[in-house]
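# What the coordinates show
Next come the chains, spelled out residue by residue.
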Amino acid sequence: MLILVTNDDGVQSPGITALVSQLRQLGRVVVVAPDRERSAVGRALTLHLPLRAEVVGPDCWAVSGTPTDCVNLGIQGLLESRPDLVVSGINKGANMGDDLTYSGTVAAAMEATLMGVPSFAVSLSSSTFAEADFAHAAQTAGTVARLVMQHGLLADTFLNVNVPAGKPHGLRLTRQGKRTYQEAVVHSQDPRGRSYFWIGAGELGFQDLEGTDFHAVARGYVSLTPLHLDLTNYAAFDRVRQWTPELVQTASDEEPHL
Ligand code: MN
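Here's a quick rundown of the structure. These numbers were taken from a predicted model, which means no experiment stands behind them.

### A word on the overall build of the protein chain
- For the protein chain, the count of helices and strands is six helices and 13 strands.
- Taken over the C-alpha trace, the protein chain has a radius of gyration of 20 Å; the compact-globule value for 258 residues is 18 Å, and the two agree within 12%.
- Taking the principal axes of its C-alpha atoms as reference, the protein chain extends roughly 60 × 55 × 45 Å.
- Put simply, 75% of the contacts in the protein chain that link residues at least 6 apart link residues at least 24 apart.
- Of the roughly 14,300 Å² of accessible surface on the protein chain, 53% is carried by carbon and sulfur atoms.
- Placing the 19 positive and 27 negative side-chain charges of the protein chain at their respective mean positions leaves the two points 4 Å apart.

As structure tokens, this is what we get:
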């Protein structure tokens with residue numbers, strides 16, 4: 001079994017080290033990861049700059065690009081054969097609810113799905129990021145990797161896995177929750193007297209709804225959310241169709257039955 005591992009915290013991050021040593025029990029692991037932290041770059045793909053890939057260890061590449069670049073380049077350029085699985089993480093920090101669309105960790109798993117390779121993202125929800133927490137998260141990733149390899153995933157589907165700090169109580173199948181963002185932008189002056197802004201300074205909260213990723217992780221469980229790439233809101237069709245007769249229903253605007 002050939003596993004491609006990437007992340008968005010950079011090739012040196014403790015999360016990827018823990019993940020790799022765990023997954024090496026399952027097969028050959030090749031790391032293709034950003035050469036520096038690229039958190040919150042989402043689905044960014046580098047189209048207007050060359051990418052450099054440097055060997056920094058056995059089966060380990062550092063790439064001057066984004067997590068999405070790494071998966072794309074790994075599958076199409078660096079790996080000798082197509083991987084059986086792509087795992088992205090272990091991210092330093094949870095990736096749940098609305099945060100998913102910012103996440104480079106989740107985006108990398110998404111890229112693998114687009115390329116037809118089963119994948120999942122794994123993130124650690126912690127404030128201290130102790131070594132033991134990464135070890136628990138790595139064990140969880142090993143378990144999920146085995147399950148995915150054993151059972152496969154539906155086409156267009158990947159998994160978003162979030163692990164609480166400490167020893168998890170178990171696994172929970174969840175849906176994507178909702179963040180409550182407190183909008184707070186810091187506006188100040190730099191030492192040269194120029195004005196600057198810093199976003200993301202607000203307290204992050206979440207709606208504590210049963211069945212969501214946030215709810216499970218807050219109670220010490222691993223959350224496992226199946227995601228897909230189709231962002232279509234099928235429930236909105238009826239409403240939008242009423243705007244004007246020009247918006248004719250097409251046969252394909254019904255939710256696909258898998
Ligand atoms: Mn990150």
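We are not done yet, so read on.
### Comments concerning the nonpolar core
- Residues Val-5, Val-87, Ile-90, Phe-120, Val-122 and Val-161 are the most contacted members of the largest nonpolar core, which totals 31 residues.
- Among the elements that take part in this core, helix H4 (residues 131-151) stands out by supplying seven residues, more than any other.
- Excluding anything up to four places from it in sequence, Val-122 contacts Leu-19, Val-87, Ser-88, Gly-89, Ile-90, Asn-91, Thr-105, Ala-137, Ala-141, Val-161 and Val-163.
- Counting 14 residues, the second largest nonpolar core, distinct from the first, contains Val-30, Val-63, Cys-70 and Val-71.

### Digging into a nonpolar patch on the surface
- Together, Tyr-102, Tyr-181 and Leu-204 make up a nonpolar patch on the protein surface, roughly 330 Å² of accessible area in all.
- Secondary-structure assignment places Leu-204 in strand E12 (residues 204-206).

### Quick notes on unusual backbone geometry
- A cis amide bond, omega -10°, links Gly-89 with the succeeding residue Ile-90.
- With respect to the helices, strands and loops of the structure, Ile-90 is situated in strand E5 (residues 85-92).
- Its identity is not glycine, yet Asp-59 carries a phi of approximately 50°, on the positive side.
- Looking at Asp-59, the relative accessible area reads 30%, which means it is partly exposed.
- Phi angles above zero are rare outside glycine, and Asp-156 is one such case at about 65°.

### Looking at helix H3 (residues 104-114)
- Of all eleven residues in H3, nine are buried, a share of seventy percent or more.
- When H3 is considered as a whole, its buried residues turn out to be Gly-104, Thr-105, Val-106, Ala-107, Ala-108, Ala-109, Glu-111, Ala-112 and Thr-113.
- Those residues of H3 that are buried are in contact with strand E1 (2-6), helix H2 (67-78), E5, strand E6 (119-125), strand E7 (157-164) and strand E13 (222-228).
- By the N-cap criterion, in which a side-chain oxygen at the helix start approaches the backbone nitrogen of a residue two or three places on, H3 is capped by Ser-103, the distance to Thr-105 being 3.1 Å.
- Of the residues flanking the end of H3, it is Gly-116, one or two places downstream, whose phi is positive at about 80°.

### Quick notes on H2
- End to end, H2 covers just 14 Å across twelve residues, shorter than the expected 16 Å (1.5 Å per residue, more than 12% under).
- Three or more residues of H2 are buried, namely Pro-67, Thr-68, Asp-69, Cys-70, Val-71, Gly-74 and Ile-75.
- In the core, the buried residues of H2 are packed alongside E1, strand E2 (28-34), strand E4 (60-63), E5 and H3.

### Considerations on the pattern of salt bridges
- By the definition in use, this model includes eight salt bridges.
- Between Arg-43 and Glu-111 there is a salt bridge, and its shortest N-O distance comes to 2.8 Å. You can see Arg-43 sitting in the loop between E2 and strand E3 (53-57) and its partner Glu-111 sitting in helix H3, a full 68 residues away along the chain.
- For Arg-43, a relative accessible area of 35% gives the class partly exposed.
- A salt bridge links Asp-208 to Arg-219, with the shortest nitrogen-to-oxygen separation between them at 2.7 Å. With Asp-208 in the loop between E12 and helix H5 (213-218) and Arg-219 in the loop between H5 and E13, this pair connects stretches of sequence that are eleven residues apart.

The rules behind the values
Residues numbered from 1 in each chain as written. Predicted model: local features only at pLDDT ≥ 70, side-chain atom pairs only at ≥ 80, totals over all residues. Heavy atoms only, no water. Helix = DSSP H or I, 4+ residues; strand = E, 2+ residues; numbered from the N terminus. Rg over C-alpha atoms; globule rule 2.2 N^0.38 Å. Contact = heavy atoms within 4.5 Å. Areas by Shrake-Rupley, 256 points an atom, 1.4 Å probe, with all protein chains shown as cover. Lys, Arg positive; Asp, Glu negative; His and termini not counted. Charge placed at Lys NZ, Arg CZ, Asp CG, Glu CD. Core = buried A, V, L, I, M, F, W, Y, C linked by side-chain atoms within 4.5 Å. Buried < 20%, exposed > 50% of the residue type's maximum accessible area, 1.4 Å probe, protein only. Patch = residues over 30% accessible without salt bridge, like charges linked within 9 Å, V, L, I, M, F, W, Y side chains within 5 Å. Salt bridge = Lys/Arg side-chain N within 4 Å of Asp/Glu carboxyl O. Polar contact = N/O pair within 3.5 Å; in protein donor to acceptor, adjacent residues only side chain to side chain. Expected span 1.5 Å × (residues − 1).

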